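Examining the three-dimensional arrangement
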Amino acid sequence: MIKVHHLDHSRSQRVLWMLEELGLPYEMVTYQRDRKTWLAPKALRDVHPLGKSPVLEDDGQVLAESGAILEYLADRYDLERQVSPELMPAQAAERLHYRYWMHYAEGSAMPPLLMALVFGRIRSAPMPFFIKPVARMIVDRTMQGFISPQLKLHLDWMERELGQRPWFAGDRFTAADIQMSFPVQAAASRGGSMERYPNLQSFLARIAERPAFQRAVARGGPLDLAAGAN
């Protein structure tokens, strides 16, 4: 049976969701974050050397990285192409969009969100009083000069793309939407206004209505996307 090594408040929620969409039975091994550091426990290193989540075990294979896991599940189990595009022709628009967003989610969208999380923690971290003003100045200038403009750039791009089609890959829901859910949810959880992004808000509302998404959340627990990066 498929086994998912699931870390609370993490990307592994997407793997649970994918399995629920495909109706596949699976075993879940749950790990809790260290509540001081919000890092994954060392026990995950016994499963995979990087000690990150998600990790999936299937038929003797140990797979890491959410995008790679979703593609593996699609290639092996989604024979009827419920949540993935047809393999041929490779030049089909849906297939190209699908591949792009599957890689964009972690390769482009998440880095500025992760930087915002890290710099936010630096700003509020305990430190000697004479260092705090300097640290906060560096954080604020980095946020204003680089991170915030990058976040806006990516949110504008995602909003514009969802204005052209209802789902990231095309007219129907695919695993690309599962993969993209994490950065969109992470952006919304930052506390900034999403009012200027109605297409992204609609996307979040529609995925929340999916029964498979609801089952994954019920089984894996609610998400606090400001909690960590594993």
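Because the structure is a prediction, the values reported are computed rather than measured. For every chain, the first residue of the written sequence is number 1, and numbering continues from 1 onward in sequence order. Only residues with pLDDT of 70 or above have their local features reported here, since the model is predicted, and side-chain atom pairs are shown and tallied only from 80 upward, although totals for entire chains, interfaces and linings are computed over all residues. As a rule here, side-chain values come from all non-hydrogen atoms in the structure, and water together with hydrogens is ignored.

1. Looking at the packing of aromatic side chains
We count it as follows: For this analysis, a ring pair means two rings from Phe, Tyr or Trp (six-membered ring only for Trp) whose centres lie within 6.5 Å, classed as stacked if their planes differ by under 30 degrees, edge-to-face if by over 60, and tilted for the remaining angles. Under the scheme used here, helices are H or I runs from DSSP no shorter than 4 residues and strands are E runs no shorter than 2 residues, and both carry numbers assigned from the N terminus. Only protein chains enter the area calculation, which uses a 1.4 Å probe; residues under 20% of their type maximum are buried, those over 50% are exposed, and those in between are partly exposed. Whether a charge sits over a ring depends on NZ of Lys or CZ of Arg being within 6 Å of the ring centre and within 35 degrees of the ring normal.
Evaluated as defined, the whole model comprises eleven aromatic pairs. Measuring from centroid to centroid gives 6.1 Å for Trp 167 and Phe 203, while their planes differ by 75 degrees, and the two rings are edge-to-face. Remark: Phe 203 occurs in helix α6 (residues 198-208) and Trp 167 occurs in the loop between α4 (132-162) and α5 (175-189); sequence separation between them is 36 residues. Take Phe 203: its relative accessible area is 0%, and that puts it in the buried class. Taking the centre distance of 5.1 Å and the plane angle of 80 degrees together, the rings of Phe 168 and Phe 203 count as edge-to-face. You can see Phe 168 sitting in the loop between α4 and α5 and its partner Phe 203 sitting in helix α6, a full 35 residues away along the chain. The exposure classification of Phe 168 matches that of Phe 203, with both residues buried. A connected cluster of aromatic rings, assembled from ring pairs, spans Trp 17, Tyr 100, Trp 101, Tyr 104, Trp 157, Trp 167, Phe 168, Phe 173, Phe 203 and Phe 213. Lying across the ring of Phe 173, Arg 210 places its NZ or CZ 3.7 Å from the centre.

2. Topic: the sheet that holds strand β2 (residues 26-31)
For the record, the criterion: Any two strands with at least two DSSP-identified bridges between them are counted as paired. Lines fitted to C-alpha atoms define the axes here, with helix axes fitted over just the stretch in contact, and angles between the N-to-C directions of these axes take values from 0 to 180 degrees. Only heavy atoms matter for contacts: two residues are in contact if any of them lie within 4.5 Å across the pair.
Read across the open sheet, the four strands follow the order β2-β1-β3-β4; overall the sheet is mixed. Strands at the two margins of the open sheet, each flanked by one partner only, are β2 and β4 (61-64). Strand-to-strand twist of the sheet, defined as the mean angle between neighbouring strand axes without regard to direction, takes the value 20 degrees. Bridge count between strand β1 (residues 2-7) and β2: six bridges; the pairing is parallel. Within β2, the residue paired with Leu 7 across the bridge is Tyr 31. In the packing of helix α1 (residues 12-22) onto the sheet, the strands contacted are β1, β2 and β3 (55-58), and the crossing angle to β1 comes to about 145 degrees.

3. Focus on the nonpolar core
The condition is simple: The nonpolar core is taken to be a set of buried Ala, Val, Leu, Ile, Met, Phe, Trp, Tyr and Cys residues, with the residues joined through side-chain atoms within 4.5 Å.
Met 18, Leu 56, Leu 73 and Met 158 are the most contacted members of the largest nonpolar core, which has 56 residues in total. Here the element with the most residues in this core is helix α3 (residues 93-124); it accounts for ten residues. Ignoring anything within four residues of it in the chain, the contact list for Leu 56 reads Ile 2, Lys 3, Val 4, Val 15, Gln 61, Val 62, Leu 63, Ile 69, Tyr 72 and Leu 73. Counting six residues, the second largest nonpolar core, distinct from the first, contains Ala 40, Leu 44, Val 47 and Val 55.

4. Focus on the side chain of Gln 179
Applicable threshold: Any pair of nitrogen or oxygen atoms within 3.5 Å is treated as a polar contact; in protein, a donor-acceptor pairing is required on top of that, and neighbouring residues in sequence qualify only through side-chain atoms on both sides.
With respect to the secondary-structure elements, Gln 179 resides in helix α5. Here the side chain of Gln 179 touches Met 102 through a polar contact of 3.5 Å, landing on its backbone oxygen. Those residues in contact with Gln 179, other than ones at most four positions away along the chain, are Arg 14, Ser 66, Gly 67, Leu 70, Trp 101, Met 102, Ala 105 and Glu 106.

5. Structural notes on the environment of Ala 116
Topologically, Ala 116 is positioned in helix α3. Residue classification places Ala 116 among the buried positions, given a relative accessible area of 9%. Apart from residues no more than four positions distant in its own chain, Ala 116 is found in contact with Met 143, Ile 147, Leu 151 and Arg 190.

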